[in-house]
Amino acid sequence: QVQLVESGGGLVQAGGSLRLSCAASRLTFTFDSYTMGWFRQAPGKEREFVAAISWRGGSTYYTDPVKGRFTISRDNAKNTVYLQMNSLKPEDTAVYYCAADRRMVPTENDYNYWGQGTQVTVSS
């Protein structure tokens with residue numbers, strides 16, 4: 001069973017930055033054959049898509065509210081995906097989850113593997 005472990009969350013002031021990491025292990029296939037995604041869930045809200053990156057990083061996708069502020073990247077040699085978050089806003093406060101799937105363009109419901117999440121809190 002694929003294991004995903006997020007790290008890097010914390011408390012930051014508005015305008016600050018954080019970098020989330022997600023390390024994958026117990027992979028059935030090589031890491032570069034998984035599309036990786038980041039999702040978030042704020043209190044009282046449904047989980048939402050944040051960003052995704054293709055197998056070798058050639059394509060990235062973002063939800064509109066984070067475009068220009070967040071950057072998703074991956075290091076296939078380290079089996080790790082990152083989410084660099086800049087210019088953070090209080091509305092970015094949420095639990096952030098990474099997810100993996102072998103489809104090239106998975107929808108949120110397609111992702112087979114999920115981490116347990118890391119809390120990001122942005123104070124105003």
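Just so it is clear, the model here is predicted, and its values are computed rather than measured.

1. A closer look at the environment of Ser 123
Considering the arrangement of structural elements, one finds Ser 123 in strand S11 (residues 118-123). Once the C-alpha coordinates of Ser 123 and Asn 86 are considered, the two residues, 37 residues apart in sequence, prove to be 14 Å apart. Each residue touching Ser 123, except ones within four places of it in the same chain, is listed here: Leu 11, Val 12, Gln 13 and Ala 14.

2. What to know about the pairing of strand S9 (residues 94-101)
Of all 8 residues that make up S9, 7 are buried, and the element is covered over most of its length. Inspection of the sheet shows strand S4 (residues 35-41) paired to S9 by 7 bridges, in the antiparallel sense. Looking at the pairing, Phe 39 lines up with Tyr 97 of S9. As paired elements, S9 and S11 share 3 bridges and run antiparallel to each other. Across the sheet, the residue bridging to Ala 94 is Val 120, located in S11. Bridge analysis of S9 against strand S10 (residues 113-114) gives 2 bridges, and the strand direction is antiparallel. By the bridge assignment, Ala 100 is partnered in S10 with Tyr 113.

3. Examining the nonpolar core
In terms of nonpolar packing, the biggest core is built from 29 residues, with Leu 4, Met 36, Trp 38, Leu 83, Met 85 and Tyr 96 touching the most fellow members. If you list the elements that add at least two residues to this core, you get strand S3 (18-25), S4, strand S5 (48-53), strand S7 (70-75), strand S8 (80-85), S9 and S11. Among residues more than four places away in sequence, those in contact with Met 85 are Gly 16, Ser 17, Leu 18, Leu 20, Arg 69, Phe 70, Tyr 96 and Val 120.

4. Notes on the environment of Val 2
Among the structural elements, Val 2 can be located in the segment before strand S1 (3-7). If near-sequence neighbours (up to four positions away) are discounted, Val 2 is found in contact with Ser 25, Arg 26, Leu 27, Thr 28, Tyr 34 and Tyr 113.

Rules and cut-offs
Residues numbered from 1 in each chain as written. Predicted model: local features only at pLDDT ≥ 70, side-chain atom pairs only at ≥ 80, totals over all residues. Heavy atoms only, no water. Helix = DSSP H or I, 4+ residues; strand = E, 2+ residues; numbered from the N terminus. Contact = heavy atoms within 4.5 Å. Buried < 20%, exposed > 50% of the residue type's maximum accessible area, 1.4 Å probe, protein only. Pairing = 2+ DSSP bridges. Core = buried A, V, L, I, M, F, W, Y, C linked by side-chain atoms within 4.5 Å.

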